[in-house]
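Here is how the chains run, residue by residue.
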Amino acid sequence: MSKILLALFLLLGLNVKAQPTLKGGLESFVMNNKVYPRYSLQNCIDGSVTISFKLNKAGEVYFSKIQKGIGTDLDDEALRLIRLSSGKWIVPADHDTTISVVVPINFKLSGDDCQNKSQKDIKQAIETYKTNVGMTDAVLNFYRHKATGKFTADEERRIVALKTSLGYDEEYMKMRINDGLKKLKQKDRQGACEDFMFVKNMGFDLADEQIAQYCN
């Protein structure tokens, strides 16, 4: 609850219930645990993602969703951070566990790399990401089902060309593996395996060792 809203409630003489709080503070938790997602990092995209979630009495997140997103991989990272915070919330005794808690997850970039990036360029990058989601899924689906052998050489050439046009090269995959390793250090095995499986389902064998060790 914002300080302004709290002051208004007190001025009107209304009862203000204590709200769930994250141990150490949400801002500090985000700063210490965020793994800035690759596309948004490379395209200087930042902003605030609003997450709605529900907590049980033990402070565990049992439901979460994006209430208002940016439209890029920042949305997924915000959701992951809330999932990672599960069990770390202090929940008041009178908290209604069926009521959603709504919080903003703020991402901010700074540095010389983004100084020359215009708002027009950033908006275009966001729209490009949204457009590319369907094409990315097409590549992932091809490699997931490649073992069935139900494809032609022309189809595979088109998928390889599409993958190249989206920038999914070996360098990008190594960065995704590094992101996964960071998440493992945070004990977020699910998030790490999502990165490792992305690499595999993009037709690369670079993450096979990590998948065998952590994701089976």
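Numbers given for residues are sequential positions, taken from 1 along each chain in its written order. Totals for whole chains, interfaces and linings use every residue, but because this is a predicted model, local features are given only for residues with pLDDT of at least 70 and side-chain atom pairs only at 80 or more, for both listing and counting. Hydrogens and water molecules were not included; the side-chain quantities draw on all heavy atoms of the structure.

Novice: Before we move on, can you summarise the environment of Val30 with the specific residues and values?
Specialist: Secondary structure elements follow DSSP: runs of H or I no shorter than four residues count as helices, runs of E no shorter than two count as strands, and numbering proceeds from the N terminus. Among the secondary structure elements, Val30 is positioned in helix H2 (residues 26-33). Per-residue accessibility, obtained with a 1.4 Å probe over protein chains only, is compared with the maximum for each type, and a residue is labelled buried under 20%, exposed over 50%, and partly exposed between these values. Using a relative accessible area of 6% as the deciding quantity, one classes Val30 as buried. Contact between two residues is taken to exist if any of their heavy atoms lie within 4.5 Å; hydrogens are not considered. Setting aside anything within four residues of it in sequence, one finds Val30 in contact with Leu81, Ile105 and Asn106.

Novice: Which residues make up the side chain of Arg176, and what values do they have?
Specialist: Of note, Arg176 is situated in helix H7 (residues 170-185). Identification of polar contacts relies on pairs of N or O atoms within 3.5 Å, with a donor-acceptor requirement for protein atoms, meaning one able to donate a hydrogen and the other able to accept it, and with residues adjacent in sequence counted only if both atoms are side-chain atoms. A distance of 3.0 Å separates a polar atom in the side chain of Arg176 from a polar atom in the side chain of Asp195.

Novice: Could you give me a rundown of the packing of helix H5 (residues 119-144) against helix H6 (residues 153-165), with the residues and numbers involved?
Specialist: Only the contacting stretch of a helix is used when fitting its axis, a line to C-alpha atoms as for every element, and angles between N-to-C directions run 0 to 180 degrees. Where H5 contacts H6, the axes come no closer than 10 Å and their chain directions differ by 135°. Between H5 and H6, the angle is such that the two are oblique. Here H5 runs over H6; the crossing is left-handed. Residue-level contacts link Met135, Ala138, Val139, Phe142 and Tyr143 of H5 to Glu156, Ile159, Val160, Leu162 and Lys163 of H6. Only Asp, Glu, Lys and Arg are considered charged in this grouping, and only Ala, Val, Leu, Ile, Met, Phe, Trp, Tyr, Cys and Pro are considered nonpolar; every other residue, Gly among them, is considered polar. Partitioning the contact of H5 with H6 into residue classes produces 8 nonpolar, no polar and 2 charged. Orientation categories follow fixed angle ranges, with anything under 35 degrees roughly parallel, anything over 145 roughly antiparallel, 65 to 115 roughly perpendicular, and all other angles oblique. Here a crossing is taken to be left-handed if its near helix is turned anticlockwise relative to the far helix by less than a right angle, and right-handed if that turn runs clockwise.

Novice: With reference to specific residues and values, describe the state of the cysteines.
Specialist: Cysteine sulfur atoms that come within 2.5 Å of each other are treated as a disulfide pair. Taken as a whole and judged by the stated rule, the model has 2 disulfides. The disulfide bridge from Cys193 ends at Cys215, spanning 2.1 Å between sulfur atoms. Classification of the bridge connecting Cys193 and Cys215 rests on its S-S torsion, roughly -95°, and on that basis the disulfide is left-handed. Note that Cys193 is positioned in helix H8 (residues 189-200) and Cys215 in the segment after helix H9 (208-214), a separation of 22 residues in sequence. Assessed through its relative accessible area of 11%, Cys193 is described here as buried. With its disulfide-bonded cysteines labelled consecutively along the sequence, the chain is connected as 1-2, 3-4.

Novice: Please provide a residue-by-residue account of unusual backbone geometry, values included.
Specialist: A positive phi is found at Cys44, a non-glycine position, where the angle reads about 60°. Counting through the fold element by element, Cys44 comes out in the loop between helix H3 (38-42) and strand E2 (47-55). In this model, Lys187 sits at a positive phi of 65°, which is unusual for a non-glycine residue. One can find Lys187 in the loop between H7 and H8.

Novice: For the sheet that holds E2, give the residues involved together with the corresponding values.
Specialist: One open sheet holds the 3 strands; their spatial order is E3-E2-E5, and the pairing between them is antiparallel. Single-partner strands in this sheet number two, and they are strand E3 (61-68) and strand E5 (101-107). Averaged over all pairs of adjacent strands, the angle between strand axes in this sheet comes to 30°, irrespective of strand direction. Direction of pairing for E2 relative to E5: antiparallel, over a ladder of 7 bridges. Opposite Gly47, over in E5, you have Phe107 as the bridge partner. Across the sheet, helix H4 (residues 73-84) touches E2, E3 and E5, and the angle it forms with E5 is around 125°. Strands qualify as paired when DSSP identifies two bridges or more between them.

Novice: So what's going on with the pattern of salt bridges? Residues and values would help.
Specialist: Every case where a carboxyl oxygen of Asp or Glu lies within 4 Å of a side-chain nitrogen of Lys or Arg is listed as a salt bridge. Following the criterion strictly, the structure yields 12 salt bridges and no others. Linking Arg157 and Asp154 is a salt bridge whose minimum nitrogen-to-oxygen distance equals 2.1 Å. Here Asp154 and Arg157 lie together in helix H6, a separation of 3 residues that amounts to about one turn. Take Asp154: its relative accessible area is 41%, and that puts it in the partly exposed class. One continuous salt-bridge network, built from bridges that share partners, spans Glu77, Arg80, Arg83, Asp188 and Glu194.

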